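One letter stands for each residue in the lines below.
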Amino acid sequence: MIELIPAIDIMDGKCVRLTKGDFAQKTVYGDDPASMARRFEEIGYKRLHLVDLDGARAGHIVNIATLKAIAGSTSLAIDFGGGIKTDADIEQVFDNGAAMATIGSVSVTDRAKCIEWIGKYGGDRIILGADVSNGKIAIHGWTEESAIGLSDFLDFYVGHGARNVLCTDISKDGMLAGPATELYKGIMEAHPTLHLIASGGVAGEEDIHELARNGIPAVVFGKAIYEGKIDMEGLWHWQNA
């Protein structure tokens, strides 16, 4: 059964969603991320994808207080991403309650450091953030397209012990136009042992059902929650029926 992972994206301490990763196209959905996280837990969800958008843009962690507040008031297994660049950053993330760290830009700009973290913390605690634009990995809060292709990126890191990859098709993110199912199917065919987390484009429960039917192990979804496109309680009961 597909793993369901609701998302909270943080900017200026508020819950927001962007459109195609564009910081100028944001919608604010609430000013109390910890309360929202507690609601997810009350329904029954076990995981949370928490993104520090300010940190991703600034190149250093900004919203560590939000991570600490959520970790301190829930038992959710939190994966935290955005602005993790140094050993001190990743230690701070884990010290403040994250179960996992999502590594984006560093996985492209400093492969040796990323491999070191996989070795130190284990492939189960490090999630590679494969944010894809035109077939290439995007970095620096999606503001820059690297020269690294998705296939080469995955081949390299799977060969170095990576087990978790969160893949976002940026063209679909925040668009509520359906996920990049064919992209994810291709990844699973090439790397069947990966715990692939699909991200971007989920418009409703049927999209999640489609991903499940195609063998995608996990899915992150955010905007569809906040726009009322998903019945969170009903979805949870479907998964656990």
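None of the values given here were measured: they were computed from a predicted structure. (Residues numbered from 1 in each chain as written. Predicted model: local features only at pLDDT ≥ 70, side-chain atom pairs only at ≥ 80, totals over all residues. Heavy atoms only, no water.)

### Looking at the environment of I90
Take I90: it is sitting in helix α4 (residues 87–95). Residue I90 is classed as buried on the basis of its relative accessible area, which comes to 0%. Through-space distance from the C-alpha of I90 to that of D207 is 33 Å; in sequence the pair is 117 residues apart. Not counting residues within four places of it along the chain, the set of residues in contact with I90 comprises I84, A101, I103, W117, Y121 and I126. (Helix = DSSP H or I, 4+ residues; strand = E, 2+ residues; numbered from the N terminus. Buried < 20%, exposed > 50% of the residue type's maximum accessible area, 1.4 Å probe, protein only. Contact = heavy atoms within 4.5 Å.)

### Remarks on the pairing of strand β6 (residues 100–103)
Residues M100 and T102 point to one face of β6 and A101 and I103 to the other, with burial holding for every one of them. Alignment of strand β5 (residues 77–81) against β6, held across three bridges, turns out to be parallel. Paired with G81 across the two strands is T102, which belongs to β6. Tracing the backbone out of β5, into α4 and back to the parallel element β6 gives a crossover that is right-handed. Where β6 meets strand β7 (residues 126–133), three bridges bridge the pair, whose relative direction is parallel. Its bridge partner lying in β7, T102 is registered against I127. (Pairing = 2+ DSSP bridges. Right-handed = clockwise from strand over helix to strand, strands pointing away.)

### Re the state of the cysteines
Inspection of the entire model under this criterion finds zero disulfides. Unpaired in this structure, C114 has its nearest cysteine sulfur neighbour in C167, at a distance of 15 Å. By relative accessible area, C114 is classed as buried at 0%. (Disulfide = S-S within 2.5 Å.)

### Here we look at the packing of aromatic side chains
If you walk through the whole model with that rule in mind, you get five aromatic pairs. Connected via pairs of aromatic rings, a cluster forms that spans F153, F156 and Y157. Here the basic side chain of R111 rests over the ring of F156, its NZ or CZ set 4.0 Å away from the ring centre. Looking at R125, its charged tip hangs above the ring of F94, at a distance of 3.9 Å from the centre. (Phe/Tyr/Trp six-rings, centres within 6.5 Å; stacked < 30°, edge-to-face > 60°. Lys NZ or Arg CZ within 6 Å of the ring centre and 35° of its normal.)

### Topic: the side chain of T66
Along the chain, T66 falls in helix α3 (residues 64–73). The class for T66 is buried, based on a relative accessible area of 13%. The contact partners of T66, leaving out residues within four places of it in the chain, are I10 and P33.

### Some thoughts on the environment of G82
Among the structural elements, G82 can be located in the loop between β5 and α4. In the structure, G82 is positioned 26 residues away from A56 in sequence and 4.2 Å away in space, judged by C-alpha atoms. In this structure, G82 is in contact with D52, G55, A56, I61 and T102, ignoring residues within four places of it in sequence.

### A few points about helix α11 (residues 232–239)
Looking only at α11, the buried set comprises M232, L235, W236 and Q239. Each buried residue of α11 lies within a common arc of 100 degrees when the element is viewed along its axis, so the set occupies one face. In this structure, the buried side of α11 is in contact with β1 (3–11), α1 (33–43), α9 (205–213), β12 (218–221) and α10 (223–226). If you check the start of α11, you find a side-chain oxygen 3.2 Å away from the backbone N of E233, and it comes from D231. (Arc of directions from axis to C-beta. Polar contact = N/O pair within 3.5 Å; in protein donor to acceptor, adjacent residues only side chain to side chain.)

### A word on the nonpolar core
One broad trend across soluble globular proteins is that nonpolar side chains are buried collectively. Counting 66 residues, the largest nonpolar core has I8 and F221 as the members making the most contacts within it. The greatest single-element share of this core, amounting to five residues, is contributed by α1. If sequence neighbours within four positions are ignored, F221 has contacts with L4, I5, P6, A7, Y45, V202, I208, I230, M232 and L235. (Core = buried A, V, L, I, M, F, W, Y, C linked by side-chain atoms within 4.5 Å.)

Purely geometric stuff here, so don't read any function into it on its own.
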